[in-house]
Amino acid sequence: MADHTNNQYQFPPAPPPPPQQPPQHQPHPQSRSGKAAMAFARFTQPFGIGGIAGSRPPSSSGTGTPGAGGNAPRSTSATVAANTRLTSRTTELGLDSPIQAISANQDCDRLVVAGRDFLKIIVVTDDTLSESTQSLRAQNSNRRGFIQNEVKWGNHPVRDLIATAATNGSIALYRDFRHDRILQEHHRQVNRLAFNAADGRLFLSASQDGSVKLWDLRERKSRITFVGKSEAVRDVQFNEANAVEFVAGYENGCVQRWDYRNPSVCERKISNAHQGPVYSVAWHPDGKHCASGGRDKTVKVWDFYADPRRKSKHTVFTQTSLGRVVWRPGGLRTTELATCSIGNDYRIHGWDLRRPYMPSWVLMEHGNAITGLQFRDEDVLWSGGKDCLLVQHDVCFGHAPIGDLPMVAFAWNAENEFTFATQRRKRNESTGGPRGGSSSDSGSGGGGRSG
């Protein structure tokens, strides 16, 4: 038999592996490039590594889930385009009297609305608001000078409890839509109520008499009184991430963090948080940062676990004094807030801490001062105002102010020449403002420096 071993096809040897890429240069922390890299990291992650990242999760009306992780940031118009839902859920309900406060139950399928002398239960669906037959009558509404100015719906294990606060310092409790009892220890108006997220039997009351009281529904009297050495306490909020902590905003402009296990002294005090009264405070979901808004037209975000000598981590400058500040849902990564004015601006503004110089969206359904704000989910916001309107807003369909700005682009070449293009907007003859259409101008130049 012939040997065919030498006649078989011989495969060529495998090529050598490609050389390894040289390691990328890591800028030294003290170099100019290293400082720039760290500054850019702080910009893209407003609350630092491990805190709040620079994007919010997908829309709850699309494929995402509220409170889940985040995707790349996108504008309001891009959010609407990405969603399969193309119809707005904005709707409104007119009432007979101005609204003083609103609050939702734990399931977010009903709202309680408080007016001067009425309490109404509102049934909520995805696109409708309707009055329920379970409306309540405010207790002592026939007393002179009695005005309800705050309402809160309880949570587990007292999901059927509703608490209201009045200008005479009284707190009325309702169980199963029936009057239960009245708590009367404050000497002046009660400005705000707040239930504990871990145990709904505990709640706080902040009063114009300068005190915050901790109540236990199993007891007939308040358990603890906290005195912050200020004339009035404007707002108070429990920390949902740490049930024993709460934050309070005061008339003299200070913000204080308390631990109710140590009622003799606050854990952290920011003496000059605002120039003037602090009207609203709101804990971030991470339990470390807190937003505050006041008469000085600013929203400030504080890190209560950082160096107490440090200033606010973020500051948003608005056009009017702020009455309410709430975080937009989105889990630990949310960077957006909603604010409303205490004055003559009847709009709701949405702010993103990654771009704090211009509102991300604006809602303009109200015709008078807004007295209550609460998010249902990432895209739905409820508001009540003195125009007797209860409104359910679809944030994705809010007006985006950045769309009103003309687009401008320019570029340089290697020979020190540049070209530019700008958008020319037609102006409304009656108001002088921008109108629908637009055109573009372009030009070029070279041989000199830009001024």
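What you are looking at is a predicted structure, and each value in this text was computed from that prediction instead of being measured.

Parameters and conventions
- Residues numbered from 1 in each chain as written.
- Predicted model: local features only at pLDDT ≥ 70, side-chain atom pairs only at ≥ 80, totals over all residues.
- Heavy atoms only, no water.
- Helix = DSSP H or I, 4+ residues; strand = E, 2+ residues; numbered from the N terminus.
- Buried < 20%, exposed > 50% of the residue type's maximum accessible area, 1.4 Å probe, protein only.
- Contact = heavy atoms within 4.5 Å.
- Areas by Shrake-Rupley, 256 points an atom, 1.4 Å probe, with all protein chains shown as cover.
- pLDDT = per-residue confidence, 0-100.
- Phe/Tyr/Trp six-rings, centres within 6.5 Å; stacked < 30°, edge-to-face > 60°.
- Lys NZ or Arg CZ within 6 Å of the ring centre and 35° of its normal.
- Polar contact = N/O pair within 3.5 Å; in protein donor to acceptor, adjacent residues only side chain to side chain.
- Pairing = 2+ DSSP bridges.
- Salt bridge = Lys/Arg side-chain N within 4 Å of Asp/Glu carboxyl O.
- Core = buried A, V, L, I, M, F, W, Y, C linked by side-chain atoms within 4.5 Å.
- Axes fitted to C-alpha atoms, helices over the stretch in contact; angles between N-to-C directions.
- Patch = residues over 30% accessible without salt bridge, like charges linked within 9 Å, V, L, I, M, F, W, Y side chains within 5 Å.

(A) Summary view of the overall build of the chain. Summing up its helical and strand segments, the chain has two helices and 32 strands in all. Taking all 451 residues of the chain together, the buried fraction comes to 48%. For the chain, long-range pairs separated by at least 24 residues make up 45% of all intrachain contacts whose partners lie at least 6 apart in sequence. Total accessible area on the chain is roughly 23700 Å²; 50% of this is exposed by carbon and sulfur atoms.

(B) The confidence of the model for the chain, seen in detail. Taken as a whole, the chain shows an average pLDDT of 82; of its residues, 73% reach a score of 70 or greater. In the predicted structure, residues 429-439 sits below a pLDDT of 50 and forms 19 contacts with residues beyond four places in sequence or in another chain. Low pLDDT, under 50, characterises residues 447-451; the stretch is placed with four contacts to residues that sit more than four places away or in other chains.

(C) Main features of the packing of aromatic side chains. Summed over all chains, the structure comprises 10 aromatic pairs. Measuring from ring centre to ring centre gives 6.2 Å for Phe 203 and Trp 215, while their planes differ by 10°; the resulting arrangement is stacked. Within this pair, whereas Phe 203 is found in strand β12 (residues 202-207), its partner Trp 215 is found in strand β13 (residues 211-216), the two being separated by 12 residues in sequence. For the pair formed by Phe 203 and Trp 215, the shared burial category is buried. Here Phe 238 and Phe 246 contribute two aromatic rings whose centre-to-centre distance is 6.3 Å and whose plane-to-plane angle is 75°, an arrangement assigned as edge-to-face. For the pair formed by Phe 238 and Phe 246, the shared burial category is buried. Its end group placed over the ring of Phe 118, Lys 120 keeps NZ or CZ at 5.4 Å from the ring centre.

(D) View of the side chain of His 289. When you line up the elements, His 289 lands in strand β20 (residues 289-294). At 2.6 Å, the side chain of His 289 forms a polar contact with the side chain of Asp 286.

(E) Quick look at the pairing of strand β17 (residues 255-259). Within β17, five of the five residues are buried, leaving the element largely enclosed by the surrounding structure. Taking every second residue as pointing to the same face, both faces of β17 are buried, with Val 255, Arg 257 and Asp 259 on one and Gln 256 and Trp 258 on the other. Both strand β16 (residues 242-250) and β17 contribute to a ladder of five bridges, which runs antiparallel. Bridging from a neighbouring strand, Glu 245 pairs with Asp 259 of β17. Connecting the antiparallel pair β16 and β17 is a turn made up of four residues, with Gly 253 showing a positive phi of about 95°. The pairing of β17 with strand β18 (residues 268-270) spans three bridges and is antiparallel. Across the sheet, residue Arg 257 finds its bridge partner in β18, namely Arg 268.

(F) Region of the structure containing the pattern of salt bridges. Summed over the entire model, instances satisfying the criterion amount to 21 salt bridges. Each of the salt bridges in this network shares a partner with another, and the network as a whole consists of Asp 216, Arg 218, Glu 219 and Arg 223.

(G) A look at the nonpolar core. One finds Leu 204, Val 212, Leu 214, Phe 226, Val 236, Phe 246 and Tyr 260 to be the most contacted residues of the largest nonpolar core, which totals 19 residues. Residue assignment for this core shows that the elements contributing at least two residues are β12, β13, β14 (224-227), β15 (233-239) and β16. By residue number, the principal contributor to this core is β16, which donates four residues. In terms of nonpolar packing, the next biggest core, distinct from the first, is built from 15 residues, Leu 95, Ile 102, Phe 118 and Leu 390 among them.

(H) Region of the structure containing the sheet that holds strand β21 (residues 298-303). Ordered by their spatial adjacency, four strands build an open sheet running β19-β20-β21-β22, and the pairing between neighbours is antiparallel. The open sheet has two edge strands, β19 (278-283) and β22 (314-317), and neither has a second partner. Going from strand to strand, the sheet's axes swing by 15° on average, the running direction of each strand aside. Relative to β20, β19 is paired through five bridges, and the arrangement is antiparallel. Paired with Val 281 across the strands is Ser 292, a residue of β20.

(I) Here's a closer look at the sheet that holds strand β25 (residues 348-352). The sheet built from four strands is open, its strands ordered β23-β24-β25-β26 with antiparallel pairing. Two strands lie at the open edges of the sheet, namely β23 (322-327) and β26 (361-363), each paired on one side alone. Averaged over all neighbouring strand pairs, the angle between strand axes comes to 20°, with direction disregarded. Looking at chain direction, β25 and β26 are connected through three bridges and run antiparallel. Across the sheet, the residue bridging to His 349 is Val 362, located in β26.

(J) Quick peek at a nonpolar patch on the surface. There is a patch of nonpolar side chains on the surface, built from Phe 410, Trp 412 and Phe 420 and spanning about 330 Å² of accessible area. The topology assignment puts Trp 412 in strand β30 (residues 408-412).

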